[in-house]
Each structure stands twice: as structure tokens, then as C-alpha cells.
Amino acid sequence: MSKLHVDSVIKNFDTKQVLTDVFISCQKGEIIGLLGRNGTGKSTLLKIIFGSISADRKFVKIGDKISTGLFDNRKLIKYLPQDNFLPNHVKIKTVIELFCDKKDAELIKKNGLIMPMLNKKSKQLSGGERRLSEIFLIIYSNSKYTLIDEPFNGVAPVYKDDIKDLIKKQSIDKGFIITDHDYRNILDIATRILIIHDGGTKEVKSKNELIDWGYIPETA
Amino acid sequence: MRIIKAILIFYQKLILPTLVLSGLLGLIGFAIAGEFSLKTIGISYIFLGLLFHYFIYEIRNSNEYYFYYNLGLSRLSLWIITFVLSLVIGLIFIII
């Protein structure tokens, strides 16, 4: 299986160095929870791995292939951004057929949560419905690695368990890197937890370490 | 095939407003000069295509770029697509 290897990521915004020599690796079957305070560069890191923003320095390799851009990554990495990204003039079923293999497209279409939305355009859905359809789309999409930015944000609590189950099931065939401030849900599904602190990634072994790193208060 | 479908979805959003405004400019040209010119519509189409790309995708729906990024189309490639398709459609108006 082709391992995702991310190394030497450096990103500066003007004079502020946000990411300083970040290292992450991910394999099929892994769900990596990426945590960190606001402004520590979690989303920036995901976008750099995906290829949508440039870094001052980066090395991203999938298997033997060094990633050079979005076109190269189109069948390897998919990314769910924080905000809604579906074009508002296209039906959900059309988007599903574009993103997923035939088998996975049929699976989503048969899902009870998605089925009522299939013939609707994105603009006809509520914010939560749109987010739910985007999450399903990205999780099931044709890729080896999936980067997910705040999947639990804006989604009704009743659906959060469905999303977690879905990620767990799909992680049999692919690797996930997920970031969300709803850290309890991340802890529930992650096989490995990383925290971004002072521009670098540190591996976290227990919830107590999150307190030590200043990510959650001692009372949590 | 998926890339072509993605390009069609992308350009679909630009074609109607660009055609309508180019047609209106053609009518304004007709009212001023007393002669209906497809050349005016063609030239307007080329420039308005780029202008609508800027307003629709850069200003109003910039997050939609992620839809196309996920399908392998970069921002630069989408700008090139807009330019080429607008040029081709504009030239058709100019030539006929």
C-alpha cells in the first residue's frame, strides 16, 4: 500500500512562521486526528498536503510518487474544506457520480440520509444537509487518502455517530487525516492523535497529554 | 471524461450571464449605430467571460474552487479554460 509521507513542511504568513518543519505519515487503515488551538495551522497543513496552497518548503510523497500538484493528486487525495464547496447549480446525484466509483456511488445513493437529497441542487439544501452530503461525498470518493477539515461542525448531533461509523468503515481501504475542535469525537475514532504546537506536530498518547499541551482545560 | 464533465459544470455558470450581457451590449450598439453587429457581441463575450469568472468564482463563490481542485483542476487551469472557451465562442460570433 502506498504510504502518505509528508515532511519538511514550512509555511510563513508575512513574518509569522506558522508551520516549522512538520512531519506526518499516514497509511491505509489509519485515522489520524489532528488537533491544535485556533490559528496553529491545521487547515493550512491539510491544504498544503492536498496541494491547493503553496508552502515555503514541502515534501509530499504517496507510495513512490512525489506529489507535484492537484492534477497528480486527483485520484490519490481528496479534501473536505471547512466551508461548503459544492456548486449550487448541480444536482447532488451528478456530483456523486463525478466523485465516486460506480460501486461507491450506488452505496451513497442508497443511504437513507442522502437519498432524499439526490435530485436536489445544492442551493435547495439547508446548510446542515449540504454539509452532510459533502461529508458522505468526500468519505466515499475515489482516493487513497482523505483529508477532512471540521466534519462535525454544523452537523446535527444525531448524525455524528453515522459520520464516525462511515469513516471507520472506509478506513479499511484508505487513510484519513481529520481535524476538528470537537476533540471527543476525534478521540473516539482516531487510531493516532497528533497535536500542532509551536509549528510542529507532536504525537499524543492520552487525553491527559492534551491538557499538558494546553489544548484542553484541566476540568475537561 | 470526469474532467470534461467538471469543466462543463464550471463553465455552465458563466455562459448564460455572459451571453445575456453580450447580447445586451449588441443591442445597445444597434441602438447607437443603427446596425446590428455580431462582432460586437463576440468581442464583448471574450472580455465578459473573464469578468464573470472573476465575479462569480473569485468574489462570490471562491470556496467552490475546492470542488474543482478535488477533481484535479487548479485555479490557473480554470482561468485558462475560461479564456480559451470564451475566446472560441467569441470568435464564432465574430466569424459568422
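Residues numbered from 1 in each chain as written. Chains lettered and ligands numbered in written order. Predicted model: local features only at pLDDT ≥ 70, side-chain atom pairs only at ≥ 80, totals over all residues. Heavy atoms only, no water.

Asks: What is the right way to look at the pairing of strand 7 (residues 145-149) of chain A in this model?
Replies: Within a regular strand, the side chains alternate between the two sheet faces. All names here are of chain A. Most of strand 7 is tucked away: five of the five residues are buried. Burial of the side chains of strand 7 extends over both faces: Tyr145, Leu147 and Asp149 are buried on one face and Thr146 and Ile148 on the other. With five bridges joining them, strand 7 and strand 8 (residues 175-179) adopt parallel strand pairing. Of the residues in strand 8, the one forming a bridge with aspartate 149 is threonine 179. In this fold, the crossover linking strand 7 to strand 8 by way of helix 6 (residues 157-170) has right-handed handedness. (Buried < 20%, exposed > 50% of the residue type's maximum accessible area, 1.4 Å probe, protein only. Helix = DSSP H or I, 4+ residues; strand = E, 2+ residues; numbered from the N terminus. Pairing = 2+ DSSP bridges. Right-handed = clockwise from strand over helix to strand, strands pointing away.)

Asks: What is the right way to look at the sheet that holds strand 9 (residues 192-197) of chain A in this model?
Replies: Sheet strands pair by backbone hydrogen bonding; their relative direction is either parallel or antiparallel. All names here are of chain A. Spatially, 6-7-8-3-9-10 is the arrangement adopted by the six strands of the open sheet, whose pairing is mixed. In the strand order of this sheet, the two ends are held by strand 6 (77-80) and strand 10 (200-204), each with one partner. Adjacent strand axes in the sheet meet at a mean angle of 20 degrees, parallel and antiparallel pairs treated alike. By the bridge criterion, four bridges tie strand 3 (residues 31-35) to strand 8 in an arrangement that is parallel. Note that in strand 8 the partner of isoleucine 31 across the bridge is phenylalanine 176. The sheet contacts of helix 6 involve strand 3, strand 7 and strand 8, and relative to strand 8 the element is tilted by about 150 degrees. (Axes fitted to C-alpha atoms, helices over the stretch in contact; angles between N-to-C directions. Contact = heavy atoms within 4.5 Å.)

Asks: Just to check I follow, could you spell out helix 4 (residues 102-110) of chain A for this structure?
Replies: Residues and elements named next belong to chain A. Those residues of helix 4 not exposed but buried are Asp104, Ala105, Ile108 and Lys109. One side of helix 4 carries all its buried residues, which in axial view fall inside an arc of 140 degrees. Turned more than 90 degrees away from the buried face of helix 4, the exposed residues are Lys102, Lys103 and Lys110. As for helix 4, its buried residues are in contact with helix 3 (92-99) and helix 5 (127-140). (Arc of directions from axis to C-beta.)

Nothing here speaks to function; it is all geometry.
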